[in-house]
Amino acid sequence: MKSAVTISLVREATGGPFVFWHDLAAGMREAAQLGFDAVEIFPPAAEVVNNDEVAALLADHKLKLAAVGTGAGWLKHRLTLTNPDTDARQRAKDFIRSIIDAGGRFGAPAIIGSMQGRWADSVDRTMALEFLSEALNELGEHAAKYGVPLLYEPLNRYETNLITTIADGVSYLKQLKTSNVKLLADLFHMNIEEVNVAEGLKAGAGFIGHVHFVDSNRRAVGSGHTDFAPIVAALKSINYSGYLSAECFAYPDSSTAARLTIEGIRKLTK
Ligand code: LER
Ligand code: MN
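Now for a quick tour of the structure. Per-chain numbering applies: the sequence of each chain, read as written, is numbered from 1 onward. Here every chain gets a letter starting at A, and every ligand a number starting at 1, in the order they are written. The predicted origin of the model limits local features to residues at a pLDDT of at least 70 and limits the giving and counting of side-chain atom pairs to 80 or more, whereas totals for whole chains, interfaces and linings rest on all residues. The basis for every side-chain value is the complete set of non-hydrogen atoms in the structure, without hydrogens or water.

Moving on, we get to the layout of surface pockets. Within this scheme a cavity is a closed region of a 1 Å grid, computed over the protein atoms alone, that accommodates a 1.4 Å probe without allowing it to escape, whereas a pocket is open but has protein on both sides within 12 Å along at least five of seven lines; lining residues each have an atom within 4 Å of a point. Grid points are joined across faces, edges and corners, and a volume is the space filled by probe spheres set on the points. Looking at the largest pocket, its volume works out to about 620 Å³. Forming the walls of the largest pocket are 33 residues, and the residues nearest its centre are Trp74, Gly113, Ser114, Leu155 and Glu159. Among the elements of the structure, strand E3 (38-42) and helix H3 (72-75) are those that each provide at least two residues to the lining of the largest pocket. Throughout, the ten residues Ala, Val, Leu, Ile, Met, Phe, Trp, Tyr, Cys and Pro are labelled nonpolar, Asp, Glu, Lys and Arg are labelled charged, and all others, Gly among them, are labelled polar. Along the lines of polarity and charge, the residues of the lining of the largest pocket split into 12 nonpolar, 13 polar and 8 charged. When its volume is computed, the second largest pocket comes out at roughly 210 Å³. Lining the second largest pocket are 15 residues; nearest its centre among them are Ala66, Gly107, Pro109, Gly209 and Tyr243. Only runs of H or I of at least four residues qualify as helices and only runs of E of at least two qualify as strands under DSSP, and these elements are numbered from the N terminus. In terms of residue count, the dominant contributor to the lining of the second largest pocket is strand E4 (residues 64-69) (3 residues).

And the structure:
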């Protein structure tokens, strides 16, 4: 398993669960110094990632790009893939497509988290899942052009009412036309929704493409009450070889959260 740490460049996300903030060069420098394999970027727009400067930074620091978030589509533009309005859904898809292109350039998948939206009065659950499937089929095939999957993230009940567990995520992905969408298992959301986090991960065998590695209180590994040993054992048992990516609060500060994460990953995976 490989290590990654998040860098947010989205003003509207300030205070959210990201380790490094607002300065890509500084975040990458510290990630490299600490020995992370990769960074996960949360950009305000695709152009912020899809440029030669980012290519140079990654090369200089010998870092990979683990994944790129699309949440700014929601935070900045209020776009979701389940909006009742056809034009709004199209704008949501266009935003995600541009992020897929940006990550694809560096061999990194895009993440669909908050842009999945939720069902409500004007769009019932069946219709919302149909809209989501249509988008995931189209965007999953687009990601395949870069040889990367598209990551779909089940969220906890307070952030979506569509898919909240890994097992439901697997059933849902199985009925898509594309086989190029994988699940993002975020241990914070799983701590809220799963009966047992390790068993939830085992239910995702073959379908998990990325892990947000974070403790129960959304702080760095070791800072909450999550028992990580069975979780890492479960990931090993399903031969997961992707990233353990620190999507956690910069608590008590960015440097400490990053250091606690890399130390935790090293201890747990040795
Ligand atoms: C994004 O990865 C995530 O976990 C969400 O909680 C953000 O809304
Ligand atoms: Mn997450």
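On to the coordination of the manganese ion (ligand 2). Ideal geometry at a metal centre gives angles of 109.5 degrees when four donors are arranged tetrahedrally and 90 or 180 degrees when six donors are arranged octahedrally. In the first shell of the manganese ion (ligand 2), the protein supplies Glu153 (OE), Asp186 (OD), His212 (ND1) and Glu247 (OE), at 2.1 to 2.2 Å from the metal. Donor criterion used throughout: N, O or S atom within 2.8 Å of the metal, extended to 3.2 Å for Na, K and Ca. Water excluded; incomplete-looking sites may result. Sequence spacing of the donor residues for the manganese ion (ligand 2), all on one chain, is E-x32-D-x25-H-x34-E. Taken together, the residues Glu153 in the loop between strand E6 (150-152) and helix H6 (166-174) and Asp186 in strand E7 (residues 181-186) connect sequence positions 33 residues apart. Partly exposed residues are those whose accessible area sits between 20% and 50% of the maximum for their type, while under 20% is buried and over 50% is exposed, using a 1.4 Å probe and protein chains only. By relative accessible area, which is 5% here, Glu153 ends up buried. With relative accessibility at 1%, the residue Asp186 sits in the buried group.

A few words on the pattern of salt bridges. Here a salt bridge means any side-chain nitrogen of Lys or Arg lying within 4 Å of a carboxyl oxygen belonging to Asp or Glu. What the rule picks out here adds up to 11 salt bridges. For the salt bridge of Glu193 with Arg157, the shortest nitrogen-to-oxygen distance reads 2.8 Å. With a gap of 36 residues between them, Glu193 in helix H7 (residues 187-193) and Arg157 in the loop between E6 and H6 connect regions that are remote in the sequence. Arg157 sits in the partly exposed class, given a relative accessible area of 47%.

Let us now look at the site of ligand 1. In the neighbourhood of ligand 1, the contacting residues comprise Glu153, Leu155, Glu159, Asp186, His189, His212, Arg218 and Glu247. Polar contact criterion, stated in full: a pair of N or O atoms within 3.5 Å, where within protein one must be able to donate a hydrogen and the other to accept it, and residues adjacent in sequence count only if both atoms are side-chain atoms. With respect to ligand 1, the side chain of Glu153 contributes an N or O atom lying 2.6 Å from an oxygen atom. Here an oxygen atom of ligand 1 sits 3.4 Å away from a polar atom, N or O, in the side chain of His212. Compared with its free state, where it exposes 260 Å², ligand 1 has 81% of that area covered by protein. Any molecule with more than half of its atoms within 2 Å of a cavity's or pocket's grid points is counted as sitting in it. Structurally, ligand 1 is housed in the largest pocket. Partitioning the shell around ligand 1 into residue classes produces 1 nonpolar, 2 polar and 5 charged. Any residue with at least one heavy atom within 4 Å of a molecule or strand is counted as near it. Accessibility throughout is a Shrake-Rupley quantity obtained with a 1.4 Å probe, and a residue counts as covered only by protein chains that appear here.

Nonpolar cores were defined as sets of buried Ala, Val, Leu, Ile, Met, Phe, Trp, Tyr and Cys residues, with membership established by side-chain atoms within 4.5 Å. Within the largest apolar cluster, 86 residues are counted, with the highest numbers of intra-cluster contacts made by Met28, Val39, Leu187 and Leu201. Ranked by residue count, the leading element in this core is helix H5 (residues 125-144), at 8 residues. The contact rule is simple, with two residues in contact once any of their heavy atoms fall within 4.5 Å. Look past the residues within four positions of Val39 in its chain and what remains in contact with it is Val5, Ile7, Met28, Ala31, Leu58, Leu63, Lys64, Leu65, Ala66 and Ala67.

Here we come to H5. A helix is expected to span 1.5 Å for every residue after the first. In this model H5 runs 28 Å from its N-terminal to its C-terminal C-alpha over 20 residues, within 8% of the 28 Å that 1.5 Å per residue would give. Of all the positions in H5, only Ala128, Leu129, Phe131, Leu132, Ser133, Ala135, Leu136, Asn137, Leu139, Gly140, His142 and Ala143 are classed as buried. The inward-facing, buried residues of H5 abut helix H4 (86-104), strand E5 (110-112), E6, H6 and E7.

Our next topic: empty space enclosed by the protein. Summed over the entire model, instances satisfying the criterion amount to 1 cavity of 30 Å³ or more. Pro154, Thr164, Thr165, Ile166, Leu184, Ala185, Asp186, His189, Met190 and Glu194 are the residues that line the largest cavity. Contributing elements (two or more residues each) for the lining of the largest cavity: E7 and H7. When residues of the lining of the largest cavity are assigned to their parent elements, the largest contribution, 3 residues, is made by E7. Tallied by class, residues from the lining of the largest cavity come to 5 nonpolar, 3 polar and 2 charged.

Moving on: the pairing of E3. Taking burial as the measure, the 5 residues of E3 include 5 buried ones, the bulk of the element. Residue alternation in E3 divides its side chains into two sets, Ala38, Glu40 and Phe42 and Val39 and Ile41, and both sets are buried. Two strands qualify as a pair provided that DSSP identifies no fewer than 2 bridges between them. Across 5 bridges, the pairing between strand E1 (residues 2-8) and E3 is parallel. Across the sheet, residue Ile7 finds its bridge partner in E3, namely Ile41. Of the strand pairs in this sheet, E3 and E4 are connected by 4 bridges, and their pairing is parallel. The residue bridging Val39 from the neighbouring strand is Leu65, located in E4.

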